[in-house]
Amino acid sequence: MKTNLGIDGFRFGWVAAWIDDRGDHGFDYSPGLTRLLATPHARAMIDMPIGLNTSGYRTCDLHARELVGAAVFLGARRDLWTFADMAAANRHYWELEGKGRGVSAQLWNIRDKIRDVDEVMTPARQAIVGEAHPELVFWNLAGRVRLDSKNSVRGREQRSALLEQRGFTRLPKWLTQRHGTGIGRDDLIDACACAIAARDSTQRVGGNEIDPRGLRMEINY
């Protein structure tokens, strides 16, 4: 039985959604990534950058942003987590690459999650564990059109409906069960989108760039 796994970060750790060939599905969460990735799976997708250079914007992020807009954060780089604060990071990148080539607050806030993924990834593991971006997944599922903002009621309904149509029929119940866990509504929805990508995706942006550790820089959808 093939199980496909989708993983997203949240404030207190990681949330994973899974779906198998029979349509059985569930979710789990953990402070660390290792236990969730130990779940037997045919393929897994993580909503976090995989493959990092020490400078410059990743081409896959630039291409993804052209398709779905500012939901794609720019500036993921290896060693971002070593700076004392965001101001120090931006001073470094502005001096090295030019004014405006820094990092956003959103990206800075997930720097430790980026490090967690980087620490467990290897070129061999990338054969079945890849990077996905939920907004690219939803864009593709919706017929390659942008949905309403995920912060709006209609946007959440659109995303939930697409996931339910593709097998995550328990999602409405899960959204009521997450209370008290720290898992945000969007975190669980995005983990499900990554699981759909793990099961169904055959397309990607990027993939031609290899980082110094041999990891492909690509986003699957």
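As a reminder, the structure under discussion sits directly above these lines.
Summarised in this report is the structure supplied together with it. None of the values given here were measured: they were computed from a predicted structure. (Residues numbered from 1 in each chain as written. Predicted model: local features only at pLDDT ≥ 70, side-chain atom pairs only at ≥ 80, totals over all residues. Heavy atoms only, no water.)

Description of the packing of aromatic side chains
What the rule picks out here adds up to six aromatic pairs. Ring centres 5.2 Å apart and planes at 55° place the aromatic pair Phe27 and Trp174 in the tilted group. Residue Phe27 is located in strand β3 (residues 25–30), and its partner Trp174 is located in helix α8 (residues 171–177); the two are separated by 147 residues in the primary sequence. Geometrically, the ring pair formed by Phe168 and Trp174 is edge-to-face, given 5.8 Å between the ring centres and 70° between the ring planes. Here Phe168 matches Trp174 in class, with each residue buried. Three or more aromatic residues joined by ring pairs form one cluster here, namely Phe10, Phe12 and Tyr29. When the ring centre of Trp108 is taken as origin, the NZ or CZ atom of Arg111, which lies over that ring, is 4.0 Å away. Sitting over the ring of Trp14, Lys113 keeps its end group 5.7 Å from the ring centre. (Phe/Tyr/Trp six-rings, centres within 6.5 Å; stacked < 30°, edge-to-face > 60°. Helix = DSSP H or I, 4+ residues; strand = E, 2+ residues; numbered from the N terminus. Buried < 20%, exposed > 50% of the residue type's maximum accessible area, 1.4 Å probe, protein only. Lys NZ or Arg CZ within 6 Å of the ring centre and 35° of its normal.)

Brief notes about the side chain of Gln158
With respect to the helices, strands and loops of the structure, Gln158 is situated in helix α7 (residues 153–165). Here Gln158 falls in the buried class, since its relative accessible area comes to 18%. A polar side-chain atom of Gln158 sits 2.9 Å from the main-chain amide nitrogen of Asp148. Among residues more than four places away in sequence, those in contact with Gln158 are Leu147 and Asp148. (Polar contact = N/O pair within 3.5 Å; in protein donor to acceptor, adjacent residues only side chain to side chain. Contact = heavy atoms within 4.5 Å.)

Comments concerning the layout of surface pockets
Any empty space left between atoms is shown by rolling a water-sized probe over those atoms. Considered as a void within the structure, the largest pocket measures approximately 830 Å³ in volume. Together, 37 residues line the largest pocket, and Asp47, Ala71, Phe73, Lys150 and Asp190 are the ones closest to its centre. Put simply, the parts of the chain that give the lining of the largest pocket at least two residues each are β1 (3–10), α2 (59–68), α4 (105–109), α6 (134–141) and α9 (185–200). Of the residues assigned to the lining of the largest pocket, the class counts are 16 nonpolar, six polar and 15 charged. (1 Å grid on protein atoms, 1.4 Å probe; cavity = no way out; pocket = protein on both sides within 12 Å on 5 of 7 lines; lining within 4 Å. Points joined across faces, edges and corners; volume = space filled by probe spheres on them. Nonpolar A, V, L, I, M, F, W, Y, C, P; charged D, E, K, R; others polar.)

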